[in-house]
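# A closer look at the structure
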Amino acid sequence: MKVLIGCEESGVVRDAFRKLGHDAWSCDLLPSDDMTYHLQCDVMLSIKSGEWDLIILHPPCTHLSLSGNRWYGRGTEGYGKRVEAVKWTANLWKLAKANAPRVALENPTSVIFPILKRECEVQYIQPHQFGHKEVKKTGFALHNLPPLVPTDELVVPAPGSDAMKEWERVWRMGPSEDRQRLRSRTYEGVGKAMAEQWSILDE
């Protein structure tokens, strides 16, 4: 199966598919962490350039995420950036569907999902459903793909407890040069679930 992981520099999802023998490639404007099987270019060009069986998109969430309403919500100075981000992401989704039979789009809780759910299923997951001690609600818009099934559900600590604060590590992450990259990195357990559960559709 030929797979494109759009807007991914970490290679986590790409490598999960490659371990199962698929011809998987990541794509981003930035170089990948290891510079292997990576297309460093505009993701829309990559979508148009290949015959893909599956496209998984991780579009930038800065202007789309509901956590950014304070800066990009209606009536704010940054609202124009949100409008442009919604338009770009909707066009990306449309282009991917026109070039692959199966498409997924991942984002945290985002203004894009109420738009996409008009035409597809939207699923929300947590990393702790896939073996990671972390709380980070994440959405997937799914075109011709089944929802992910949890593989290793952990018991979530009590709200406000010291253990829960540790599980909220990503949400509480302070400012740094790597903050955006680290917060957007896909959890290995989630990447593995995507590869294993969506690969069987090709059998």
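Preceding block: the structure.
Computed from a prediction, not measured in an experiment: that's the story for all the values here.

Attention now moves to the overall build of the chain. Looking only at helices and strands, the chain has 8 helices and 7 strands in total. Seen along its three principal axes, the alpha-carbon backbone of the chain occupies a region of about 45 × 40 × 35 Å. Looking at the chain residue by residue over its 203 residues, the buried ones come to 47%. Considering only intrachain contacts with a sequence separation of at least 6, the fraction spanning at least 24 residues in the chain is 56%. Across the chain, the centroid of the 26 positively charged side chains sits 7 Å from that of the 27 negatively charged ones.

Turning our attention to the pairing of strand β1 (residues 2–6). Taken across its 5 residues, β1 has 4 buried, putting it largely inside the fold. Pairing of β1 with strand β2 (residues 23–28), which is carried by 5 bridges, proceeds in the parallel orientation. By the bridge assignment, Lys-2 is partnered in β2 with Asp-23. After leaving β1, the chain enters helix α1 (residues 12–18) and then returns to the sheet as β2, a path that is right-handed. Looking at chain direction, β1 and strand β4 (residues 54–57) are connected through 4 bridges and run parallel. Pairing of Leu-4 across the sheet is with Ile-55, part of β4.

Take helix α8 (residues 188–199) next. Here α8 spans 16 Å end to end across 12 residues, near enough to the 16 Å set by a 1.5 Å rise per residue. Burial analysis of α8 places 9 of its 12 residues in the buried class, which makes it a mostly covered element. Along α8, the residues classified as buried are Gly-189, Val-190, Gly-191, Ala-193, Met-194, Ala-195, Gln-197, Trp-198 and Ser-199. The inward-facing, buried residues of α8 abut α1, β4, β5 (102–108), β6 (121–125) and β7 (138–143).

For the coordinates displayed, the defined rule picks out 7 salt bridges. Two residues, Asp-15 and Arg-14, come together in a salt bridge whose shortest N-O distance is 2.8 Å. Each of the salt bridges in this network shares a partner with another, and the network as a whole consists of Arg-14, Asp-15 and Asp-34.

Scanning the entire structure with this criterion turns up 3 aromatic pairs. Note on Trp-25 and Tyr-37: the rings are 5.6 Å apart at their centroids and 75 degrees apart in plane angle, and the pair reads as edge-to-face. A residue pair is termed long-range when its members are at least 10 positions apart, and Trp-25 in strand β2 and Tyr-37 in the loop between β2 and β3 (38–40) qualify at 12 residues. According to the relative accessible area criterion, Tyr-37 is partly exposed, its value standing at 39%. On the numbers, 5.8 Å between centres and 80 degrees between planes, the contact of Phe-113 with Tyr-124 is edge-to-face. Note that Phe-113 is positioned in helix α5 (residues 112–116) and Tyr-124 in strand β6, a separation of 11 residues in sequence. For Phe-113, a relative accessible area of 1% puts it in the buried group. When the ring centre of Tyr-124 is taken as origin, the NZ or CZ atom of Lys-137, which lies over that ring, is 4.7 Å away.

So, on to helix α4 (residues 79–99). Relative to the 30 Å expected for 21 residues at 1.5 Å per residue, α4 spans 31 Å between its end C-alpha atoms, a close match to the ideal helical length. Among the residues of α4, Arg-82, Ala-85, Val-86, Thr-89, Leu-92, Trp-93, Leu-95 and Ala-96 are the ones counted as buried. Where α4 is buried, its residues meet α2 (43–49), β4, α3 (69–72), β5, α5 and β7.

Moving on, we come to the nonpolar core. Counting 25 residues, the largest nonpolar core has Val-43, Ile-47, Ile-55, Leu-57 and Leu-105 as its most contacted members. Those elements that place two or more of their residues in this core are α2, β4, α4, β5 and α5. No other element matches α4, which puts 6 residues into this core. Dropping the residues within four chain positions of it, Ile-55 is found in contact with Leu-4, Ile-47, Ala-96, Ala-100, Arg-102, Val-103 and Ala-104. By size, the runner-up hydrophobic cluster in this structure holds 22 residues, among which are Ile-5, Val-13, Met-194 and Trp-198.

You can see His-128 is positioned in the loop between β6 and β7. Non-local contacts of His-128, meaning those with residues more than four positions away in its chain, are made with Glu-134, Val-135, Asp-152, Glu-153, Leu-154, Val-156 and Trp-167.

About the thresholds
Residues numbered from 1 in each chain as written. Predicted model: local features only at pLDDT ≥ 70, side-chain atom pairs only at ≥ 80, totals over all residues. Heavy atoms only, no water. Helix = DSSP H or I, 4+ residues; strand = E, 2+ residues; numbered from the N terminus. Buried < 20%, exposed > 50% of the residue type's maximum accessible area, 1.4 Å probe, protein only. Contact = heavy atoms within 4.5 Å. Lys, Arg positive; Asp, Glu negative; His and termini not counted. Charge placed at Lys NZ, Arg CZ, Asp CG, Glu CD. Pairing = 2+ DSSP bridges. Right-handed = clockwise from strand over helix to strand, strands pointing away. Expected span 1.5 Å × (residues − 1). Salt bridge = Lys/Arg side-chain N within 4 Å of Asp/Glu carboxyl O. Phe/Tyr/Trp six-rings, centres within 6.5 Å; stacked < 30°, edge-to-face > 60°. Lys NZ or Arg CZ within 6 Å of the ring centre and 35° of its normal. Core = buried A, V, L, I, M, F, W, Y, C linked by side-chain atoms within 4.5 Å.

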